[in-house]
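Single-letter residue listing:
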Amino acid sequence: MNKVEKDEISQLPYKYHPLTMWSIIGWNILFNAFFGISFILTLVFAFNRGNINRRSLARFWLLLKLIGLILVGVAIGILFATGVMDTVIEYIKEMLSQIIPQ
């Protein structure tokens, strides 16, 4: 980045400052650290009035997580509809009974 670009960025309000590579890596780690905490943080940053680029990154991760949840729900629904899930549940019960004697 040259001096002219740095001067232009420094004149922008904070709301429009670009994210650096390290901040993007840090935000990605934060948005994926623990599902419950990261989901709440993703919601907070996706709907706040702070930096527009951070908000866009949070919205991307929010959309990605929602698509993932929908796909997992569809996959589980298909497994239940085809009867495969009953076999999986029985297998898990059998494995647990071997690990934890009654």
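In this report, we go over the structure that sits alongside the text.

Reading the values: rules and limits
- Residues numbered from 1 in each chain as written.
- Predicted model: local features only at pLDDT ≥ 70, side-chain atom pairs only at ≥ 80, totals over all residues.
- Heavy atoms only, no water.
- Helix = DSSP H or I, 4+ residues; strand = E, 2+ residues; numbered from the N terminus.
- Contact = heavy atoms within 4.5 Å.
- Phe/Tyr/Trp six-rings, centres within 6.5 Å; stacked < 30°, edge-to-face > 60°.
- Buried < 20%, exposed > 50% of the residue type's maximum accessible area, 1.4 Å probe, protein only.

Points about the side chain of arginine 54
Point 1. Structurally, arginine 54 can be placed in helix 4 (residues 52-82).
Point 2. Residues within four places of arginine 54 in sequence aside, it is in contact with Tyr14, Leu19, Trp27, Phe45 and Asn48.

Some points on the packing of aromatic side chains
Here a ring pair, both rings aromatic, is described through the centre-centre distance and the interplanar angle of the planes.
Point 1. All told, the structure shown has 4 aromatic pairs when counted by the stated rule.
Point 2. A ring pair is formed by tryptophan 27 and phenylalanine 45, whose centres lie 4.8 Å apart and whose planes are at 70°; its orientation type is edge-to-face. With a gap of 18 residues between them, tryptophan 27 in helix 2 (residues 21-32) and phenylalanine 45 in helix 3 (residues 35-46) connect regions that are remote in the sequence.
Point 3. Residue classification places tryptophan 27 among the buried residues on the basis of a relative accessible area of 19%.
Point 4. Classification of phenylalanine 45 by relative accessible area gives buried; the value is 15%.
Point 5. Summarising the aromatic geometry, the rings of phenylalanine 60 and tryptophan 61 are spaced 5.2 Å apart at their centres and angled 70° between planes, so their arrangement reads as edge-to-face.
Point 6. A relative accessible area of 43% places phenylalanine 60 in the partly exposed class.

These figures capture arrangement, not role.
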